[in-house]
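Secondary and tertiary structure notes
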Amino acid sequence: MSKPEFRVGSHLLPGLVAVALFAVMATVFLGAGFAAPAGFGDASVMEAIGFALLDIDAADGVPVDGFLVAFILIAVVLDAALDGAIMLARTEDDEGTAPLETDGGERGEDR
């Protein structure tokens, strides 16, 4: 029985790069300064978020940017993903689409 040996070589390079990147990122994050939080006063934050999603200007709310285009694009992408998931979940046979199994995938004697 032999005892394990520490092999030094080029296979250690990705680990050293990861440690160096962590050190750089930790230095940047710990050295960054942040402004004091401003708060929202008496304005309703939930109302401002709703107005921002639908791109409606609120008279006394928090000033925000509109997100209507992003909201609609996300809705279209999620709808396409749902349609694709349904299409992939369907099983097909030689004649077209087959009905989904309702017996938990167990095949009976009559098949």
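Residues numbered from 1 in each chain as written. Predicted model: local features only at pLDDT ≥ 70, side-chain atom pairs only at ≥ 80, totals over all residues. Heavy atoms only, no water.

**Looking at the overall build of the protein chain**
The helix and strand inventory of the protein chain stands at 3 helices and 2 strands. Its helices and strands taken in sequence order, the protein chain reads α-α-α-β-β from the N to the C terminus. When burial is assessed residue by residue, the protein chain has 3% of its 111 residues classed as buried. (Helix = DSSP H or I, 4+ residues; strand = E, 2+ residues; numbered from the N terminus. Buried < 20%, exposed > 50% of the residue type's maximum accessible area, 1.4 Å probe, protein only.)

**A word on helix α1 (residues 13-31)**
Look at α1: 27 Å from first C-alpha to last across 19 residues, which is about the 27 Å you get at 1.5 Å a residue. For α1, the tally of buried residues reaches only 0 of 19 residues, placing the bulk of the element at the surface. (Expected span 1.5 Å × (residues − 1).)

**So, a nonpolar patch on the surface**
Nonpolar side chains collect at one region of the surface, where V45, M46, I49, L53, L54, I56, F67, L68, F71, I72 and V76 lie side by side and expose about 990 Å² of accessible area between them. Where the nonpolar patch is concerned, the elements lending two or more residues are α2 (45-53) and α3 (68-89). You can see F67 is positioned in the loop between α2 and α3. (Patch = residues over 30% accessible without salt bridge, like charges linked within 9 Å, V, L, I, M, F, W, Y side chains within 5 Å. Areas by Shrake-Rupley, 256 points an atom, 1.4 Å probe, with all protein chains shown as cover. Salt bridge = Lys/Arg side-chain N within 4 Å of Asp/Glu carboxyl O.)

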